[in-house]
Amino acid sequence: MISKKLCVVCCSLFLSATLWAQKPLSDDLQQQVNQIAATIKDDPASAMKAFDELTKGKNKKNVALVVAIGNAFLDNDKVDQAKSYATKAGEMDSRNAGYCILAGDIALKEKKVGEAGSSYEQAIMADKDNFEAYRKYARLYLGVNPELSVEKLLEFKEKHPEEVNVNRELGNAYYLMKQYGNAKTAYDAFMQVGTPDEQDYARYSNLLFLSKDYAESLETATKGLALNPEDHLMKRLLMYNNYEMKKYPEGIDAAEKFFAVEDTTNFVYLDYMYYGRLLLTQKQDSQALEQYNKALALDPNGEHPEIQKELSGVYEGMLNYPAAIDSYKKYLEQAKSEEVTDLFMLGRLYYMAASAPETNANPADTTATGISTVKAGYIAEADTIFAQVAERVPDSYLGSFWRARVNSLADPETTLGLAKPYYEQALAILEANPNSAPANIVECLRYLGYYYVVKEEYESSMPYWNKVLEISPDDAAAKQVMEFVTNATK
């Protein structure tokens, strides 16, 4: 019984030594491996012969050396030779972490994902302090089980908080999971003390942009472009950040460089929108319109309603109100918006269309008040919309106020008083609110005062003009009307 227990203990100790005593390759041997590896591409047979010589004598049982040679062949896409050395390493010590990682890399090269995962997991079991094993395991499962990847990385970080590169891997994992807050936190830690490469600068710049830290994002992208001036993502971020920071000329320059390529397959709708926004700041409306139409072409199913919304604004700036209305209606449909603010903005566009000067295309000969049927149609649509606004938000003056404005367009001489009930409703709400804008109150008072002047009901008109002067004592027009009204009532 004692002998059996002793045997178990001895076996356990031997296994422990196998698991944990995994010596790294010496610098001298690594240098020799690198020198021979440089010849693999041109003369693989001679490289194989040189490696065979290197693994003789005192290096015959050096697992780390055999693994390094296997990696050298795999790095040069010589899979069969890599397999040969992996087999040798496995025969020497099948529990060696380096061997397990090499076996996993070979399996991954052959697209045997499950086998690769098992090998990386064995590497972790063999050496729980081997960061490379954790890194490759985490990367392997990012696409299928990212939570597991994060779990493994956090497991390593808890034991080795000094390993800065684990923060990079966590940042990448969170980034691909679209957990941008966690990704930024991890990348913050890595970028402070790590050695970032081009991809790190690109991802960190993007995370900073998503966090609205535009200045830092711009600086990071600029540093990254110093490593690779043609990096697509960082060139994009240069354009985006300059726009957000209101550095419009710089943004235009960045946009021109970003789009100065023949291959357009990597462009996204937002690229064209940002370029359009930049062009609008330079009053290049037609060129901006072209960019927004390109953005639309990349959104055939209307998955990004904001394109139509901004396009509507472009048309409005060009005084093309019919097109602005059409785009805004498409925005509402795509967004399935029930927001009263969006409804109000559509009504406002109809009002702007109705306010626009008549053209030959809109003959003004079809209504009692002399306005065109087209204009009358815009007025009717606007009135309907603002009525809905008033109904949905009864405590707000906006619905009634804009109904009043719209009906003023339908009654340009104020002979019918179409706007009167709506200005009265708006005025009641405005005067009940001490924070109301005086200009809106004055507009209501002016209309109502003028309405009674037109009706020659001067006594009824005077209180409104008096209130105007209380709010704006230097109002010349109000003074003139008051003088007229006072004389008319004598």
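Residues numbered from 1 in each chain as written. Predicted model: local features only at pLDDT ≥ 70, side-chain atom pairs only at ≥ 80, totals over all residues. Heavy atoms only, no water.

## So, the overall build of the chain
- Within the chain one finds 26 helices and zero strands.
- The globule rule puts the C-alpha radius of gyration for 490 residues at 23 Å, and the 37 Å found for the chain is more than 25% above it.
- By principal-axis analysis of the C-alpha atoms, the chain measures approximately 130 × 55 × 35 Å.
- Burial analysis of the chain (490 residues in total) assigns 45% to the buried set.
- Summarising the internal contacts of the chain: among those between residues at least 6 apart in sequence, 52% fall at separations of at least 24.
- As displayed, the chain has an accessible area near 26200 Å², and 52% of this comes from carbon and sulfur atoms. (Helix = DSSP H or I, 4+ residues; strand = E, 2+ residues; numbered from the N terminus. Rg over C-alpha atoms; globule rule 2.2 N^0.38 Å. Buried < 20%, exposed > 50% of the residue type's maximum accessible area, 1.4 Å probe, protein only. Contact = heavy atoms within 4.5 Å. Areas by Shrake-Rupley, 256 points an atom, 1.4 Å probe, with all protein chains shown as cover.)

## Some points on the pattern of salt bridges
- Scanning all chains against the criterion turns up 26 salt bridges.
- A salt bridge links R135 to E132; the nearest nitrogen and oxygen atoms lie 2.4 Å apart. Here R135 and its partner E132 are both found in helix α8 (residues 131-141), three residues apart, which amounts to about one turn of the helix.
- The exposure class assigned to R135 is buried, which follows from its relative accessible area of 16%.
- Of the residues examined, E132 reaches a relative accessible area of 29% and is grouped as partly exposed.
- With a closest N to O distance of 3.3 Å, K330 and D326 form a salt bridge. (Salt bridge = Lys/Arg side-chain N within 4 Å of Asp/Glu carboxyl O.)

## Notes on the packing of helix α15 (residues 248-258) against helix α16 (residues 269-281)
- Interhelical geometry of α15 versus α16 gives an angle of 140 degrees and a closest axis separation of 9 Å. Overall, the two elements α15 and α16 adopt an arrangement that is oblique. Here α15 runs over α16; the crossing is left-handed. Where α15 abuts α16, its residues Y248, G251, I252, A255, E256 and F258 lie against D271, Y275, L278, L279 and T281.
- Looking at the contact of α15 with α16 residue by residue, the classes come out as seven nonpolar, two polar and two charged. (Axes fitted to C-alpha atoms, helices over the stretch in contact; angles between N-to-C directions. Parallel < 35°, antiparallel > 145°, perpendicular 65-115°, else oblique. Left-handed = near helix turned anticlockwise from the far one by under 90°. Nonpolar A, V, L, I, M, F, W, Y, C, P; charged D, E, K, R; others polar.)

## Overview of unusual backbone geometry
- Despite not being glycine, K246 shows a phi value in the positive range, around 65 degrees.
- Among the secondary structure elements, K246 is positioned in the loop between α14 (232-244) and α15.
- For K283, which is not glycine, the phi torsion reads 60 degrees and is therefore positive.
- The exposure class assigned to K283 is exposed, which follows from its relative accessible area of 74%.

## Things to note about the environment of L416
- Looking at where L416 falls in the secondary structure, it is placed in the loop between α22 (398-410) and α23 (420-431).
- Given a relative accessible area of 52%, L416 falls into the exposed group.

## A short note on the UniProt feature "repeat: TPR" (unreviewed entry) in the chain
- Mapped onto this numbering, the UniProt entry annotates "repeat: TPR" (unreviewed entry) at residues 269-302 and 442-475.
- Across residues 269-302 one finds 76% helix and 0% strand; the C-alpha atoms that close the span lie 11 Å apart.
- Annotated as residues 442-475, this span is 79% helix and 0% strand, and its ends, taken at the C-alpha atoms, are 10 Å apart. (UniProt positions renumbered as here; feature names shortened; annotations may be inferred.)

## Notes on the confidence of the model for the chain
- Residues with a pLDDT of 70 or more make up 93% of the chain, whose mean pLDDT is 91.
- For the stretch residues 1-21, pLDDT sits under 50, and the model shows ten contacts to residues farther than four places along the chain or on other chains. (pLDDT = per-residue confidence, 0-100.)

## Structural notes on helix α17 (residues 285-297)
- In a regular helix each residue adds 1.5 Å, so 13 residues correspond to 18 Å; α17 covers 18 Å between its end C-alpha atoms and thus fits that length.
- Within α17, the full set of buried residues consists of A288, L289, Q291, Y292 and A295. Axial view of α17: buried residues confined to an arc of 165 degrees, hence all on one face.
- Where α17 is buried, its residues touch α16 and α18 (306-317). (Expected span 1.5 Å × (residues − 1). Arc of directions from axis to C-beta.)

## Some words on the nonpolar core
- Core analysis: the biggest nonpolar cluster contains 146 residues, and V33, F51, M239 and Y423 have the highest contact counts within it.
- Looking at this core, the element that brings in the most residues is helix α4 (residues 63-75), giving ten residues.
- Those residues in contact with F51 that sit more than four places away from it in its chain are V33, I36, A37, I40, I69, A72, F73 and Y85. (Core = buried A, V, L, I, M, F, W, Y, C linked by side-chain atoms within 4.5 Å.)

## Brief notes about the layout of surface pockets
- Roughly 260 Å³ of volume is contained in the second largest pocket.
- As for the second largest pocket, its lining consists of 13 residues, and the residues nearest its centre are N206, F209, L210, Y240 and L270.
- Of all the secondary-structure elements, those providing two or more residues to the lining of the second largest pocket are α12 (198-210), α14 and α16.
- Sorting elements by how many residues they give to the lining of the second largest pocket places α14 first, with four residues.
- For the lining of the second largest pocket, the residue count by class is nine nonpolar, one polar and three charged. (1 Å grid on protein atoms, 1.4 Å probe; cavity = no way out; pocket = protein on both sides within 12 Å on 5 of 7 lines; lining within 4 Å. Points joined across faces, edges and corners; volume = space filled by probe spheres on them.)

## Re α18
- For α18, built from twelve residues, the straight-helix expectation of 16 Å at 1.5 Å per residue is met to within 8% by its first-to-last C-alpha distance of 17 Å.
- Against the buried residues of α18 lie α16, α17, α19 (321-335) and α20 (340-355).

## What to know about the environment of Y464
- With respect to the secondary-structure elements, Y464 resides in helix α25 (residues 458-471).
- It is 51 Å that separates the C-alpha atoms of Y464 and G251, two residues lying 213 residues apart in sequence.

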